[in-house]
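Given next are the chains, with one letter for each unit.
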Amino acid sequence: QVQLVESGGSLVQAGGSLRLSCAVSGSIFSILAMGWYRQAPGKQRELVAGITSGGSTNYAMSVKGRFTISRDNAKNTVFLQMNSLKPEDTAVYYCNLMPWPINGYWGQGTQVTVAS
């Protein structure tokens with residue numbers, strides 16, 4: 001059974017950077033495609049970045065060139081490096097499987113707030 005624990009969110013000024021981490025339990029991490037999702041107040045949750053088991057990445061247009069997703073299979077962890085943050089990046093960030101999240105399961109998420 002996969003469990004997800006996100007961390008690293010904080011309050012940051014516009015233009016700043018943050019690095020989010022997601023610890024994934026389970027011995028099958030290395031074969032999982034993982035994604036970072038976010039949900040802003042009043043909006044639907046959206047996929048912002050994904051990484052396959054082979055390391056191929058994809059990004060939403062809104063974050064392309066600013067965010068970088070990576071993974072460390074030895075530590076069962078997926079990261080999201082976020083640079084040049086904008087107020088519109090403010091959201092709760094979650095990791096989950098990609099392209100289809102685990103049915104009915106999300107971690108607690110980590111809050112990112114970008115002040116203008």
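Before any of the text, the structure's been laid out above.
Here the structure is a predicted model, which is why all the values come from computation and not from measurement.

**Some points on the pairing of strand E1 (residues 4–7)**
Consideration 1: Of the two faces of E1, only one is covered, namely that formed by Leu4 and Glu6; the face formed by Val5 and Ser7 stays uncovered.
Consideration 2: Where E1 meets strand E3 (residues 18–24), 4 bridges bridge the pair, whose relative direction is antiparallel. The partner of Val5 across the bridge, within E3, is Ala23.

**Concerning the side chain of Arg66**
Consideration 1: Following the sequence through the fold, Arg66 ends up in the loop between strand E6 (57–59) and strand E7 (67–72).
Consideration 2: Judged by its relative accessible area of 11%, Arg66 falls in the buried class.
Consideration 3: Within the structure, Arg66 has its side chain in polar contact with the backbone oxygen of Ser62 (distance 2.8 Å).
Consideration 4: With residues up to four places along the chain from it excluded, the contact list for Arg66 reads Gln81, Met82, Asn83, Ser84, Leu85, Lys86 and Asp89.

**What about the nonpolar core?**
Consideration 1: Counting residues in each nonpolar core, the largest one holds 29 residues, and the members touching the most others are Met34, Trp36, Val78, Leu80, Met82 and Tyr93.
Consideration 2: Those elements that provide at least two residues to this core are E3, strand E4 (34–39), strand E5 (46–51), E7, strand E8 (77–82), strand E9 (91–97) and strand E10 (110–115).

**Considerations on the sheet that holds E9**
Consideration 1: Reading across the sheet, the 6 strands line up as E2-E10-E9-E4-E5-E6 and stay open at both edges, with mixed pairing between neighbours. For this open sheet the edge positions go to strand E2 (11–13) and E6, each flanked by a neighbour on one side alone. Recorded for the sheet is a direction-independent mean angle of 25 degrees between the axes of neighbouring strands.

**Examining unusual backbone geometry**
Consideration 1: Cis rather than trans, the peptide bond between Met98 and Pro99 has omega equal to 0 degrees.
Consideration 2: Tracing the sequence through the fold places Pro99 in the loop between E9 and E10.
Consideration 3: One non-glycine residue with positive phi stands out, namely Ser84, at about 50 degrees.
Consideration 4: In this fold, Ser84 is placed in the loop between E8 and E9.
Consideration 5: Accessibility expressed as a relative area gives 41% for Ser84, which makes it partly exposed.

**What to know about the state of the cysteines**
Consideration 1: Applying the stated criterion across every chain yields a total of 1 disulfide.
Consideration 2: Put simply, Cys22 and Cys95 are joined by a disulfide, and their sulfur atoms are 1.8 Å apart. Of this pair, Cys22 sits in strand E3 while Cys95 sits in strand E9; the two residues are 73 residues apart in sequence, bridging distant segments of the chain.
Consideration 3: The buried category is assigned to Cys95, whose relative accessible area is 0%.

**Concerning the environment of Ala33**
Consideration 1: Secondary-structure assignment places Ala33 in the loop between E3 and E4.
Consideration 2: Distance from Ala33 to Lys75, taken between C-alpha atoms, is 15 Å for residues 42 residues apart in sequence.
Consideration 3: When near neighbours in sequence (up to four residues on either side) are disregarded, Ala33 contacts Ile51, Thr52, Ser53, Arg71, Asn96, Leu97 and Met98.

Conventions we followed
- Throughout, residues of each chain are indexed from 1 in the direction in which the sequence is written.
- Reporting of local features is limited, given that this is a predicted model, to residues whose pLDDT is at least 70; pairs of side-chain atoms are given and counted only at 80 or more, and all residues count toward the totals for whole chains, interfaces and linings.
- In computing side-chain properties, one takes all heavy atoms of the structure into account and sets aside hydrogens as well as water.
- In this scheme, a residue with accessible area under 20% of its type's maximum is buried, one over 50% is exposed, and one in between is partly exposed, where area comes from a 1.4 Å probe on protein chains only.
- Secondary structure elements are taken from DSSP: a helix is a run of H or I of four residues or more, a strand is a run of E of two residues or more, and numbering for both begins at the N terminus.
- In this scheme, strands are said to pair when DSSP sees at least two bridges between them.
- The definition of a polar contact used here is a pair of N or O atoms within 3.5 Å, where within protein one atom must be able to donate a hydrogen and the other to accept one, and adjacent residues in sequence count solely through side-chain atom pairs.
- Contact criterion: two residues are considered in contact whenever any of their non-hydrogen atoms come within 4.5 Å of each other.
- What we call a nonpolar core is a set of buried Ala, Val, Leu, Ile, Met, Phe, Trp, Tyr and Cys residues that are connected through their side-chain atoms within 4.5 Å.
- To obtain an axis, a line is fitted to C-alpha atoms, over the contacting stretch when the element is a helix, and the angle between two such axes runs from 0 to 180 degrees between their N-to-C directions.
- By convention in this document, the label disulfide applies to cysteine sulfur atom pairs within 2.5 Å.

Such coordinate-based values are descriptive only and should not be taken to indicate function.
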